[in-house]
There are 2 protein chains.
Amino acid sequence: MARAAKTSASDVPEKTTRIQEINRRLILDAALDAFSTYGFRGTTIDQIAEKAGMSKPNLLYYFPRKQNIYVTLLEETLAEWLAPLADIDPDGDPIEQLRKYITLKINMSESHPEASRLFANEVLHGAPAISDFLSAHLKPLVDEKAAVIRRWVGEGKLAPVDPYHLIFMIWATTQHYADFDVQVRAIMGGQVGRPGFREQTAQAVLSIILNGIKPRG
Amino acid sequence: MARAAKTSASDVPEKTTRIQEINRRLILDAALDAFSTYGFRGTTIDQIAEKAGMSKPNLLYYFPRKQNIYVTLLEETLAEWLAPLADIDPDGDPIEQLRKYITLKINMSESHPEASRLFANEVLHGAPAISDFLSAHLKPLVDEKAAVIRRWVGEGKLAPVDPYHLIFMIWATTQHYADFDVQVRAIMGGQVGRPGFREQTAQAVLSIILNGIKPRG
DNA sequence: CAAAAACTTGACTACTTGGTCAAAATGCAG
DNA sequence: CTGCATTTTGACCAAGTAGTCAAGTTTTTG
């Protein structure tokens with residue numbers, strides 16, 4: 001039953017039964033689909049319940065409030081979403097580390113576009129549900145990695161570049177392919193689905209950004 | 001100004017009175033604010049009416065459907081939004097043209113963030129109201145400019161780069177500052193509002209992208 | 001200035017939707 | 001198998017919201 005943190009909803013009660021585990025998963029999967037497509041307001045509980053294959057009251061038995069599902073999803077998603085940034089190795093080769101990071105992000109954008117859209121939608125609307133998280137977790141992590149990049153610049157391993165704007169650029173560019181998928185498809189047509197498209201994208205993005213930050217003679 | 005496409009709702013009847021002009025403007029301004037913040041579903045007609053300083057039935061006298069306001073707004077916004085792309089001069093200096101384009105987009109992102117968010121939200125949710133427009137107007141324009149960029153590459157004036165991905169990167173990066181404003185603020189704090197922030201942003205973005213696509217010896 | 005046209009609104013309807021509740025069905029420990 | 005705990009749901013309610021309507025007010029026009 002809902003452990004009712006005041007803002008959060010990620011409640012892992014003392015005991016979690018087998019049925020609970022299964023149904024929570026069903027609900028969250030269905031909800032991710034719906035929320036990422038229609039947004040919070042645009043999604044109805046009935047919709048989620050139907051997709052999850054259960055009645056609305058039953059769904060509400062697991063998540064007493066619509067908001068609970070939403071917040072749980074966001075929290076569950078965010079950790080995974082940020083992991084690649086945390087994995088940047090301060091002692092690695094700068095260009096190699098950033099290449100790895102960008103590649104990972106592009107792959108995630110293709111394999112979990114719903115997660116990207118869920119997050120984009122939330123931030124676009126002012127991040128009402130996760131602004132605390134942004135200050136508490138995202139900022140420190142970004143500050144830490146920005147410091148690493150700044151050091152790399154200082155050591156002459158990268159061209160002089162503002163680390164924050166570099167990180168924003170990487171986020172913006174990679175997530176664009178998930179968040180603006182419809183637009184990308186409208187413009188590039190059938191190419192998008194084709195095998196190799198992701199590689200082509202990665203190649204283009206890496207080429208511009210990495211060349212843009214390579215130390216210049 | 002929207003010239004009454006058939007699917008569209010922007011109906012400019014033969015005669016437009018002074019009062020009509022004023023009130024339509026009031027409504028559209030109020031609606032842009034609301035829609036860009038809360039999305040289509042999250043915005044109520046009452047909200048818009050209140051912001052516009054009139055009763056709901058009165059608002060509905062000018063726009064019989066909520067959807068009409070929304071579509072009119074999108075159409076009105078899109079032309080303006082795309083203008084800078086159309087202005088890229090095929091005969092100009094490539095780097096100079098792209099510098100101008102990027103700078104313009106960053107300025108727009110700061111001066112009209114609501115427009116950017118309105119559009120982002122629409123596309124994020126699958127562009128139900130404007131997918132026709134994307135195919136009919138956006139694609140041809142992008143194709144045209146992509147051809148120009150491809151020619152520049154062929155002439156050795158730019159490093160080999162996929163023109164479509166370059167355009168996407170410019171869009172993604174510049175609009176990021178409007179669409180993800182909350183996140184940018186959560187990370188960069190007070191700097192964001194400060195005078196000179198836009199210049200700093202422009203400088204960082206231009207530096208990476210332009211260096212990334214300069215022809216390499 | 002009088003009539004017509006344009007504009008404005010209070011009150012209302014029909015419908016959607018988040019959430020409740022009490023009772024039934026099912027699962028499970030002893 | 002029995003009885004308690006967990007799970008499930010049909011029926012319902014209250015709030016919110018898009019859109020209507022008929023009756024009033026203001027503006028325009030001849």
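Predicted model, so just to flag it, every value in this text is computed and none were measured.

## Points about the relation of the copies chain B and chain A
Part 1 of the argument: If you rotate chain B by 180° and push it 0.0 Å along the axis, it lands on chain A with an RMSD of 0.1 Å. The operation mapping one copy onto its partner corresponds to a two-fold rotation axis. The C-alpha atom lying nearest the rotation axis in chain B is that of G212 of chain B; the distance is 1.8 Å.
Part 2 of the argument: When you check the interface residues of chain B against chain A, 100% turn up at the interface there too, and the contact is symmetric in its surfaces.

## Observations concerning the layout of surface pockets
Part 1 of the argument: Considered as a void within the structure, the largest pocket measures approximately 620 Å³ in volume.
Part 2 of the argument: Every residue lining the largest pocket is counted, 26 residues in all, and those nearest its centre are Y38, R41 and G42 of chain A together with R41 and H125 of chain B.
Part 3 of the argument: Of all the elements in the fold, those that place two or more residues in the lining of the largest pocket are α1 (18–42), α4 (66–86) and α6 (113–124) of chain A together with α1 (18–42), α4 (66–86) and α6 (113–124) of chain B.
Part 4 of the argument: Classifying every residue of the lining of the largest pocket gives 10 nonpolar, 12 polar and four charged.

## Examining the nonpolar core
Part 1 of the argument: Counting residues in each nonpolar core, the largest one holds 136 residues, and the members touching the most others are I213 of chain A together with I213 of chain B.
Part 2 of the argument: When residues no more than four places from it in sequence are discounted, the contact partners of I213 of chain A are I95, L98, L158, A159, V161 and L166 of chain A together with I208 of chain B.

## Thoughts on the protein's contact with DNA strand C
Part 1 of the argument: Close contacts around DNA strand C come from 20 residues, with R65 of chain A together with T17, P57, N58 and Y62 of chain B the closest.
Part 2 of the argument: Sugar plus phosphate, as a fraction of atoms of DNA strand C within 4 Å of the protein: 64%.
Part 3 of the argument: S55 of chain B places a side-chain nitrogen or oxygen 3.2 Å from a phosphate oxygen of DNA strand C.
Part 4 of the argument: Between DNA strand C and Y62 of chain B there is a distance of 2.6 Å, counted from a phosphate oxygen to a side-chain nitrogen or oxygen.
Part 5 of the argument: Looking at the surface near DNA strand C, the elements with two or more residues in it are α3 (56–62) of chain A together with α1 and α3 (56–62) of chain B.
Part 6 of the argument: Classifying every residue of the surface near DNA strand C by side-chain character gives seven nonpolar, seven polar and six charged.

## Quick word on the packing of α4 of chain B against helix α7 (residues 131–154) of chain B
Residues and elements named next belong to chain B.
Part 1 of the argument: The N-to-C vectors of α4 and α7 enclose an angle of 15°; their axes lie 10 Å apart at closest approach. Judged on the interaxial angle alone, α7 and α4 are roughly parallel. Every pair of crossing elements has a handedness; the one defined by α4 and α7 is left-handed. Across the interface between the two elements, L78, L82, L85 and A86 from α4 touch F133, L138, L141, V142 and K145 from α7.
Part 2 of the argument: In the contact of α4 with α7, the residues fall into eight nonpolar, no polar and one charged.

## Considerations on the side chain of H176 of chain A
Part 1 of the argument: Within the secondary structure, H176 of chain A is located in helix α8 (residues 163–179).
Part 2 of the argument: Under the relative-accessibility criterion, H176 of chain A is labelled buried at 3%.
Part 3 of the argument: Those residues in contact with H176 of chain A, other than ones at most four positions away along the chain, are W171, D181, Q183 and V184 of chain A together with F168, W171 and A172 of chain B.

## Some details on the interface of chain B and chain A
Many structure descriptions define interface size as the accessible area lost when the parts assemble.
Part 1 of the argument: Facing 53 residues of chain B, the contacting portion of chain A comprises 54 residues.
Part 2 of the argument: Taking both partners together, chain B and chain A bury about 4700 Å²; carbon and sulfur atoms supply 69% of that area.
Part 3 of the argument: Scanning the region where chain B abuts chain A turns up nine residue pairs in polar contact (both at pLDDT 80 or more).
Part 4 of the argument: For the side of chain B that touches chain A, the element with the most residues is helix α8 (residues 163–179) of chain B, which contributes 12 residues.
Part 5 of the argument: Its residues placed into classes, the side of chain B that touches chain A shows 30 nonpolar, 16 polar and seven charged.

## Observations regarding the protein's contact with DNA strand D
Part 1 of the argument: Near DNA strand D, the surroundings consist of 21 residues, among which T17, P57, N58, Y61 and Y62 of chain A are the closest.
Part 2 of the argument: Close to the protein, within 4 Å, the atoms of DNA strand D are drawn from sugar and phosphate at a rate of 64%.
Part 3 of the argument: Within the contact set of DNA strand D, a phosphate oxygen lies 2.6 Å away from a side-chain nitrogen or oxygen of Y62 of chain A.
Part 4 of the argument: R18 of chain B places a polar side-chain atom, nitrogen or oxygen, 3.3 Å from a phosphate oxygen of DNA strand D.
Part 5 of the argument: Broken down by secondary-structure element, the contributors of at least two residues to the surface near DNA strand D are α1 and α3 of chain A together with α2 (45–52) and α3 of chain B.

## Some remarks on unusual backbone geometry
Residues and elements named next belong to chain A.
Part 1 of the argument: The phi dihedral of A127 is positive, around 50°, even though this residue is not glycine.
Part 2 of the argument: Tracing the backbone shows A127 in the loop between α6 and α7 (131–154).
Part 3 of the argument: The exposure class of A127 is buried, given its relative accessible area of 0%.

## What to know about the pattern of salt bridges
Residues and elements named next belong to chain A.
Part 1 of the argument: Counted according to the given criterion, the structure contains 24 salt bridges over all chains.
Part 2 of the argument: Here D33 ties to K51 by a salt bridge, and the two come within 3.7 Å at their closest N and O atoms. Highlighted residues: D33 in helix α1 and K51 in helix α2 (residues 45–52), separated in sequence by 18 residues.
Part 3 of the argument: Through salt bridges that share partners, R25, D29 and E76 make up one connected network.

## A word on the packing of aromatic side chains
Part 1 of the argument: Evaluated as defined, the whole model comprises 12 aromatic pairs over all chains.
Part 2 of the argument: Taking 6.0 Å as the distance between ring centres and 85° as the angle between the ring planes, the aromatic pair formed by Y177 of chain A and F168 of chain B counts as edge-to-face. Of this pair, Y177 of chain A sits in helix α8 while F168 of chain B sits in helix α8, which puts the two residues in different chains. Grouping residues by exposure puts Y177 of chain A and F168 of chain B together as buried.
Part 3 of the argument: Cluster of aromatic residues (ring-pair linked, three or more members): F35, F40 and Y70 of chain A.

The rules behind each value
- Residues numbered from 1 in each chain as written.
- Chains lettered and ligands numbered in written order.
- Predicted model: local features only at pLDDT ≥ 70, side-chain atom pairs only at ≥ 80, totals over all residues.
- Heavy atoms only, no water.
- Least-squares fit on C-alpha atoms with pLDDT ≥ 70 in both.
- Contact = heavy atoms within 4.5 Å.
- 1 Å grid on protein atoms, 1.4 Å probe; cavity = no way out; pocket = protein on both sides within 12 Å on 5 of 7 lines; lining within 4 Å.
- Points joined across faces, edges and corners; volume = space filled by probe spheres on them.
- Helix = DSSP H or I, 4+ residues; strand = E, 2+ residues; numbered from the N terminus.
- Nonpolar A, V, L, I, M, F, W, Y, C, P; charged D, E, K, R; others polar.
- Core = buried A, V, L, I, M, F, W, Y, C linked by side-chain atoms within 4.5 Å.
- Buried < 20%, exposed > 50% of the residue type's maximum accessible area, 1.4 Å probe, protein only.
- Near = heavy atom within 4 Å.
- Polar contact = N/O pair within 3.5 Å; in protein donor to acceptor, adjacent residues only side chain to side chain.
- Axes fitted to C-alpha atoms, helices over the stretch in contact; angles between N-to-C directions.
- Parallel < 35°, antiparallel > 145°, perpendicular 65-115°, else oblique.
- Left-handed = near helix turned anticlockwise from the far one by under 90°.
- Buried area = accessible area lost by both parts, 1.4 Å probe.
- Salt bridge = Lys/Arg side-chain N within 4 Å of Asp/Glu carboxyl O.
- Phe/Tyr/Trp six-rings, centres within 6.5 Å; stacked < 30°, edge-to-face > 60°.

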